[in-house]
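# Structural description and commentary
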Amino acid sequence: MREANLRLGAALAEVEGLYTALLKAGSPRRRRRLRAELARAAGRLAELAAAAPGSESRATGARRSRWGRRRILAERGAEWIAARYRRDVP
């Protein structure tokens, strides 16, 4: 369980870092590349959150534990980010 939480944290940090870099990027070419990387990183985060040990499907409802709720929120947020930035990438 601890290893899964560490992987989720690392994936989340990657998404946050790429998003920050995107906000500060100057050239259109760099922004395009960062959007593509952000979409891929968010997709990986969503997969990790969905596959985390002890996580339940959203169809069965949110887990009652704090970590379970965080995993579900991370999964939803990552899916949204991935969908949002995939549309912008040619």
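Just so you know, these numbers come straight off a predicted model, no measurement behind them.

Oppositely charged side chains can pair when the atoms bearing their charge come close. Inspection of every chain in the model, using the stated rule, returns 3 salt bridges. Between Glu-37 and Arg-33 there is a salt bridge; the shortest N-O distance is 2.4 Å. Here Glu-37 and its partner Arg-33 are both found in helix α2 (residues 28-51), 4 residues apart, which amounts to about one turn of the helix. For Glu-37, a relative accessible area of 23% corresponds to the partly exposed category.

The next point concerns the environment of Ala-4. Summarising the element assignment, Ala-4 is placed in helix α1 (residues 2-24). For the pair Ala-4 and Ala-49, spaced 45 residues apart in the sequence, the C-alpha separation amounts to 8.8 Å.

Here we come to α2. Taking 1.5 Å of rise per residue, 24 residues should cover 34 Å, and α2 covers 35 Å from first to last C-alpha, within 8% of that figure. When we look at burial in α2, the residues that qualify are Leu-34, Arg-35, Ala-36, Leu-38, Ala-39, Ala-41, Ala-42, Gly-43, Leu-45, Ala-46 and Ala-49.

Criteria and cut-off values
- Residues numbered from 1 in each chain as written.
- Predicted model: local features only at pLDDT ≥ 70, side-chain atom pairs only at ≥ 80, totals over all residues.
- Heavy atoms only, no water.
- Salt bridge = Lys/Arg side-chain N within 4 Å of Asp/Glu carboxyl O.
- Helix = DSSP H or I, 4+ residues; strand = E, 2+ residues; numbered from the N terminus.
- Buried < 20%, exposed > 50% of the residue type's maximum accessible area, 1.4 Å probe, protein only.
- Expected span 1.5 Å × (residues − 1).

In short, geometric facts, not functional conclusions.
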